[in-house]
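Working through the structure, step by step
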Amino acid sequence: MKRFLSFAVLLALPLQLVAASPTISTDHSWTDDLTAPEEYTHVRDGDVREIDLEHYLNRYRERLGVPRLKVSSQLQESAAAHVEYLKANGRGFDPHGEVEGNVGFTGETTQDRCEAAGYTGSCTEVQAGGAANGDGYSAIDALMMTPYHRVSMMYPYFSEVGCVIDSGWFVCDIGYNISDWGSEYTTETGAVTYPYDGQTISTTFYVSENPMPYPEYAYQFIGPTLMYWPLGDTVESVEVSVYDLTAEEAIDSIISLDLEDENSWGAVFFNPIDELELDHEYAVHVEGESDAGSFEESWTFKVQKSSKIDYPNAWETISYDSKVHWAGETGEELVSTPDSEVRSLVDRLEGWIMLAVDRAGEAYYVDPVTKARYYLADGPTAYEFLRTFGLGITTANLEQIPEAGSGDTVSSLARSVAGRILLQVDSVGEAWYVHPETFERHYMADGDEAYRIMRELSEGTMYDWIKGIPEGIVE
């Protein structure tokens, strides 16, 4: 799905564990001495189609004060091999693992695949499935909004990288050539903050990562993921504070990861619970104690949604003024009018069943043809969908679409009918639903079964997020 990327973290470095959590400060006097930047920037900086994915990842590293990664042809080869495996087999229990005997197998683990490609150092991996309609730049943006993937991609002592995207599968293999593992902690480094001072980021974080950073908010939208990362130091206690400079009010509703969370690699992560206000300026302050002594830092950022809700596609450019805008290929604004927001939302959700968790689990199907959402009230209603929205298909063509759980290779035909309901016209009209992310077909024997399958394959959402999509009526 274009909106809900699926993530899995690869590497957990050995860290000293401490029993502490960040606390929320109610003292915002630190803002008296704060100077906001004159200009806010985004890592995207307009059209990125002329640069490769590794270069784009290095933009983040440079702006966060982290050394660039060298492009490795061996890591590109190992990443490409895993992409081919994912295309042929999909994800298993371990999305970064491969099963010997399956099509495209090159190694059980990321390290095995890197070595098979001739890479001699240690390596880790980040990946995304259904990556923003095949756009790897958007996949990098999305992964940077997550805590565990961010530290994997921004770890200063990684040295090389190779990234590949194909058919919606995005993989970056990242190499580490330090022979004395752990010696990097003796190197003097400055703290890394996210966002960087003066950065423009998204208003939200969709809590969907493996492992799940905030299980109590799983598959919900909360405010963006902020970070203070004192590399090499063990944080013993810390207070965090977020202030809305535009509204001149404190953000006191904040959640955080425990400092003993080994997947955070020693970084302090915290999120406003509520979505931040569009085009507002915010300031962040952290103050605490580590095994290296006291620390204190403040910085600012701005929030902006793109035409694709959070992450722009490569062909969309950005222009900056007092209100940040995203612009399309012809220069039209993509976010300032409700109609454009609705169009982009439909583009991301078409073919999906959305379950409004705040409305007693109401299910809605976003039809790719009519561009409207349809309420699935019960079994009979679902049956009407079969009759009204079904696309006729022959058995010969249907067999080119992998059946759920078969492990068959995904064909171009399967991708072209993603999210559609298919009717087997040369048989007895059997109905099938093609999942928009896995491209597998699911058999719907009757109305009740269609209703069950659609709810089972649905994605959780808040009604406010989808209510702007026009509601259709089945007649």
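Each remark here, short or long, concerns the structure printed above.
Anyway, here's the lowdown on the structure attached to this text. (Residues numbered from 1 in each chain as written. Predicted model: local features only at pLDDT ≥ 70, side-chain atom pairs only at ≥ 80, totals over all residues. Heavy atoms only, no water.)

1. Re the nonpolar core
What tends to happen in soluble globular proteins is that the nonpolar side chains get buried as a cluster. Among the nonpolar cores identified, the biggest contains 69 residues, and Trp-229 and Phe-270 are the most heavily contacted of them. Sequence-distant contacts of Phe-270, defined by excluding residues within four places in its chain, comprise Tyr-214, Pro-224, Thr-225, Leu-226, Met-227, Val-240, Val-242, Ile-254, Ile-255, Ser-256, Val-284 and Val-286. Ala-363, Ala-382, Ala-450 and Met-454 belong to the second largest nonpolar core, which has 18 residues in total. (Core = buried A, V, L, I, M, F, W, Y, C linked by side-chain atoms within 4.5 Å. Buried < 20%, exposed > 50% of the residue type's maximum accessible area, 1.4 Å probe, protein only. Contact = heavy atoms within 4.5 Å.)

2. Some points on the packing of helix H1 (residues 53–63) against helix H4 (residues 136–144)
For the pair H1 and H4, the least separation of the axes is 10 Å and the interaxial angle reads 30°. As judged from the angle between their axes, H1 and H4 are roughly parallel. Note on packing geometry: the crossing formed by H1 with H4 is right-handed. In this structure, H1 contributes Leu-53, Tyr-56, Leu-57 and Tyr-60 to the contact, and H4 contributes Gly-136, Tyr-137, Ile-140, Asp-141 and Met-144. Here the residues of the contact of H1 with H4 are counted per class, giving 7 nonpolar, 1 polar and 1 charged. (Axes fitted to C-alpha atoms, helices over the stretch in contact; angles between N-to-C directions. Helix = DSSP H or I, 4+ residues; strand = E, 2+ residues; numbered from the N terminus. Parallel < 35°, antiparallel > 145°, perpendicular 65-115°, else oblique. Left-handed = near helix turned anticlockwise from the far one by under 90°. Nonpolar A, V, L, I, M, F, W, Y, C, P; charged D, E, K, R; others polar.)

3. Considering the state of the cysteines
One pass over the full model with this rule turns up 2 disulfides. Each sulfur in the disulfide pair Cys-114 and Cys-123 lies 2.1 Å from the other. Residues Cys-114 and Cys-123 are joined by a disulfide whose S-S torsion is about 110°; by sign, that bridge is right-handed. For the pair Cys-114 and Cys-123, a shared accessibility class is recorded, and that class is buried. Residue Cys-163 pairs covalently with Cys-172 via a disulfide, S to S 1.9 Å. Negative torsions about the S-S bond denote left-handed disulfides, and the value of about 105° found for Cys-163 with Cys-172 makes this one right-handed. Judged on exposure class, the residue Cys-163 and its partner Cys-172 are both buried. Along the chain, the cysteines that take part in disulfide bonds pair up as 1-2, 3-4, counted in sequence order. (Disulfide = S-S within 2.5 Å.)

4. Overview of the sheet that holds strand S7 (residues 192–194)
One open sheet holds the 4 strands; their spatial order is S7-S11-S15-S14, and the pairing between them is antiparallel. Two strands lie at the open edges of the sheet, namely S7 and strand S14 (254–256), each paired on one side alone. Each strand of the sheet is rotated relative to its neighbour by a mean of 15°, with strand direction disregarded. In this sheet, strand S15 (residues 268–272) lies alongside strand S11 (residues 226–229) in antiparallel orientation, the contact comprising 3 bridges. Directly across from Tyr-228, in S15, lies its bridge partner Val-268. Along the sheet, helix H5 (residues 147–154) contacts S7, S11 and S15; its crossing angle with S11, the most-contacted strand, is approximately 45°. (Pairing = 2+ DSSP bridges.)

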